[in-house]
Amino acid sequence: MTANVAVETTPEIPLWNDPNHPVAARVDALVAAMTLEEKIAQLYGVWVGASDKGGEVAPHQHDMEEVVDLDALLPAGLGQLTRPFGTVPVDPALGALSLMRTQARITSANRFGIPAVAHEECLAGFAAWGATAYPVPLSWGATFDPDVVRRMAAAIGRDMRSVGVHQGLAPVLDVVRDARWGRVEETIGEDPYLVGTIGTAYVRGLESAGIVATLKHFVGYSASRAGRNLAPSSVGARERADVLLPPFEMAVREGGTRSVMHAYTDIDGVPAAADETLLTGLLRDTWGFEGTVVADYFGIAFLKTLHGIAADWADAAGAALGAGVDVELPTVKTFGAPLVEAVTEGRVPEALVDRALRRVLGQKAVLGLLDPDWSPVPPALDGVDLDDPEALRGRIVLDRPENRELAREIADKAVVLLTNDGTLPLARPRRIALVGPNATEATAVLGCYSFPRHVGVQHPEVPVGIDLPTLRDTLTAEFPDADITVARGTGVDDGELSGIGEAVDAAREADVVVAVLGDRAGLFGRGTSGEGCDAESLTLPGAQQQLLDALLDSGTPVVTVLLAGRPYALGRAVAESAAIVQSFFPGEEGTAAIAGVLSGRTAPSGRLPVSVPGSAGAQPTTYLGARLAHASEVSSIDPTPAFGFGHGLTYTSFAWSDLVAHTKEAPTDGGFSLELTVRNTGERHGTEVVQLYLHDPVASVVQPVRRLIGYTRVPLAPGEARRVRVEVPADLASFTGRDGRRVVEPGDLELRFAASSTDTRLTATVALTGPERQVDHTRRLHAVFAQEAQEAQEAQEAQEAQEAQGAQEAREASEGA
């Protein structure tokens, strides 16, 4: 058998299968022809695992749900297949064959021949065995580079599409509010503008490959009390509007996302899954979103079991459907027989089912799943002989060299150099003591949604599937002439102290110590970072701080390297480490990126997407604090960070100068034009990240002391300078006023050009004039940056001056005549 046949159709194509008709007309015709059971079958998924033998998928046995009977379900149809590649380890080619055969079974079982949408996790790469493990989203934020994130997402999408996947459950657009939360590694950072711009770039990349991007978690999940997973969220309307919602708004407006996942959260007593004002009023009626809203896994059932707002499964289904949830994931529960019964009895209007169904079928039509020439054969198997499944093993490669190159680029750009007394880059050290629990742990670079940490740990008999060099491996390659002594010291979180003495002895015999500390990613308590792995404080896990302090006492310079999923307080190391290198789970190429920074082969250019705390217990904190959130004489707790949001050093130096505000006053519907010069005054190439913060001294409601409104990366050779220009629309000064409307108020503002939230270099005082102005979701969202080589700028100014002088001389000559 060869994979080149499409699903057979009759000579007379039904309207819903005819791509020559508008999608809406095709959908209406199909809805009208379906029974209630067939309609509802399109509104849920089934959790399955692909077969490593190439056979059909098998329902996933999950401890939260009973196993479904596919034979009983499929005659009515099926909306989605949940994670066929991301449930058990399976060779990609055999997984694609398994999915193909299952889709053929699904289409042949239902009378309309409708296939299922297959979705997968793709938070740090396609979560499939053997697929590239990219850096986690917190590292995306550290790059301050939307373009590289867009390119990564496009590559992820192409791999998913090639094996028959249609939808990806990413990106996470939750803004960090408490770094103790275990899912910080899944976020992009603590600033809504950074999260919005990087997240929107990811959406664009994924959607460009034909994959439906899914924004999550809408909204408020990250604002849980005490950083506990799935805990109550105490969020006011203004914090929700000005901090938590903007990334989603940007991704909907500018990213072209086609799906949104509701959060588990309840805010002020209303769970997101049952919040009509959120999922319909704001998302659809105001923002104009036209895609599908999918449930976070088991989230509809939680309306009964956790939130207590539904008496039974039918109540839960009706509440979610009425609010605007279209698809129940991961598997059928409330949207199955309970919903059928509730509609039949009149408890839930069938019109709500039809509303969700139109969205689901419309998306399937756009994906081509209703077309007469649709084939279950994925692109990677097209034209391939499928008669011998075992011959397919290894045929599809999801970790190609170009993927690894892209993973390396992101990892390189995401490494953040926090401190350096001149020890780095290391100058051909003769003896290196490599110490710490993550020095020789291959998976220390991976987040909890990478396949090896998410699924692979449950199958220790299966090889990891990708090349994961340890830091010992990459340092050995980076410093081939060095004598590297390895000492574990202690575990990530076992609290073991017996190995610290050996580590200190190794340190005393070395020229430099590289202490590799941090996290182990896992799920629900099986790690120190990840979903359900929340931290009581931001002290390094286990006995790692004791190990670090002992190394600092050894007398040998200590370079502290962190492979972590969140920022940690580092105690004495902030002042006493020779250098600190922060990396947030940098993916399969991460140790090579770190080794390159240590040797100087790579110039560090990452910036902190989250603040590093000065003390372990001063939580929750964020740089987006109002004046009362900062240190004061009336509290014994000092929340001042050790390193602020946006901080990061390089191996060169930069001078910022000549700030000019071409517009110092503008109406509330206008904007400001500014420019400054950034020059590399050092001896090495480097990248400065120019960050623009807004300070509003007087406003009608309390504002953060500063908030990021723009940024740009400026790469410069030694001695090179660039003139950086920026146009700042007044809309960026908007906030939610006392009456709930978003407004731009007249008054003075400070536009602060800074190297971080705690390092302002140049400030322009400007003023908005005229009446208060109301804005909405159509407001301008970005400051527009442009860069020009300083030499060209100076030449242009000289030419303009010469022309002006010539014009003046001509006028004088004319007047004299």
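The preceding data block contains the structure.
Throughout what follows, the structure given in this document is the object of discussion. (Residues numbered from 1 in each chain as written. Predicted model: local features only at pLDDT ≥ 70, side-chain atom pairs only at ≥ 80, totals over all residues. Heavy atoms only, no water.)

1. Re the sheet that holds strand 24 (residues 742-744)
Phase 1: The sheet built from three strands is open, its strands ordered 23-24-27 with antiparallel pairing. Two strands in the sheet have a free side with no partner beyond their single neighbour: strand 23 (735-736) and strand 27 (773-775). (Pairing = 2+ DSSP bridges. Helix = DSSP H or I, 4+ residues; strand = E, 2+ residues; numbered from the N terminus.)

2. As for the side chain of asparagine 17
Phase 1: Tracing the backbone through its elements, the reader meets asparagine 17 in the segment before helix 1 (23-33).
Phase 2: On the basis of relative accessibility, which here comes to 13%, the residue asparagine 17 falls in the buried class.
Phase 3: Setting aside chain neighbours within four positions, we find asparagine 17 in contact with Arg26, Leu370, Asp371 and Pro372. (Buried < 20%, exposed > 50% of the residue type's maximum accessible area, 1.4 Å probe, protein only. Contact = heavy atoms within 4.5 Å.)

3. Describing the side chain of glutamate 190
Phase 1: Mapping glutamate 190 onto the fold places it in the loop between strand 5 (167-168) and helix 7 (192-208).
Phase 2: Despite its burial, glutamate 190 pairs with no opposite charge; the closest candidate is arginine 177, at 7.5 Å N-O.
Phase 3: At 2.8 Å, the side chain of glutamate 190 and the backbone nitrogen of serine 611 are in polar contact.
Phase 4: A distance of 2.8 Å separates a polar atom in the side chain of glutamate 190 from the backbone nitrogen of tyrosine 623.
Phase 5: For glutamate 190, the residues in contact, after removing those within four places along its chain, are Val175, Val176, Pro609, Val610, Ser611, Thr622, Tyr623, Leu624 and Phe645. (Lys, Arg positive; Asp, Glu negative; His and termini not counted. Salt bridge = Lys/Arg side-chain N within 4 Å of Asp/Glu carboxyl O. Polar contact = N/O pair within 3.5 Å; in protein donor to acceptor, adjacent residues only side chain to side chain.)

4. A look at unusual backbone geometry
Phase 1: The residue after alanine 170, namely proline 171, is reached through a cis peptide bond having omega 10°.
Phase 2: Topologically, proline 171 is positioned in the loop between strand 5 and helix 7.
Phase 3: That bond from lysine 216 to histidine 217 is cis: its omega, 5°, falls within 30 degrees of zero.
Phase 4: Along the chain, histidine 217 turns up in strand 6 (residues 212-218).
Phase 5: You will see that aspartate 268, though not glycine, has its phi angle at about 55°, which is positive.
Phase 6: Mapped onto the elements, aspartate 268 comes out in the loop between strand 8 (266-267) and strand 9 (270-271).

5. Comments concerning the packing of helix 1 against helix 14 (residues 350-366)
Phase 1: Remark: helix 1 packs on helix 14, axes separated minimally by 9 Å, with the N-to-C direction vectors making an angle of 125°. The orientation of helix 1 relative to helix 14 falls into the category oblique. In this structure, helix 1 crosses over helix 14, and the sense of that crossing is right-handed. Note on element contacts: helix 14 touches helix 1 through Asp354, Leu357, Arg358, Leu361, Gly362, Ala365 and Val366, opposite Val23, Arg26, Val27, Asp28, Leu30 and Val31.
Phase 2: Grouping the amino acids of the contact of helix 1 with helix 14 by side-chain chemistry returns eight nonpolar, one polar and four charged. (Axes fitted to C-alpha atoms, helices over the stretch in contact; angles between N-to-C directions. Parallel < 35°, antiparallel > 145°, perpendicular 65-115°, else oblique. Left-handed = near helix turned anticlockwise from the far one by under 90°. Nonpolar A, V, L, I, M, F, W, Y, C, P; charged D, E, K, R; others polar.)

6. Quick word on the packing of aromatic side chains
Phase 1: On inspection of all chains with the given rule, the structure shows 14 aromatic pairs.
Phase 2: On the numbers, 5.1 Å between centres and 80° between planes, the contact of tryptophan 181 with tyrosine 221 is edge-to-face. Residue tryptophan 181 is located in the loop between strand 5 and helix 7, and its partner tyrosine 221 is located in the loop between strand 6 and helix 8 (237-244); the two are separated by 40 residues in the primary sequence. Of the two residues examined, tryptophan 181 and tyrosine 221, each falls in the buried class.
Phase 3: In this structure an aromatic cluster arises from ring pairing among Phe144, Tyr193, Tyr623, Phe645, Tyr693 and Tyr711.
Phase 4: The ring of tyrosine 449 carries the charged tip of lysine 216 above its face, separated from the ring centre by 5.6 Å. (Phe/Tyr/Trp six-rings, centres within 6.5 Å; stacked < 30°, edge-to-face > 60°. Lys NZ or Arg CZ within 6 Å of the ring centre and 35° of its normal.)

Everything listed is a geometric property; what it means functionally is a separate question.
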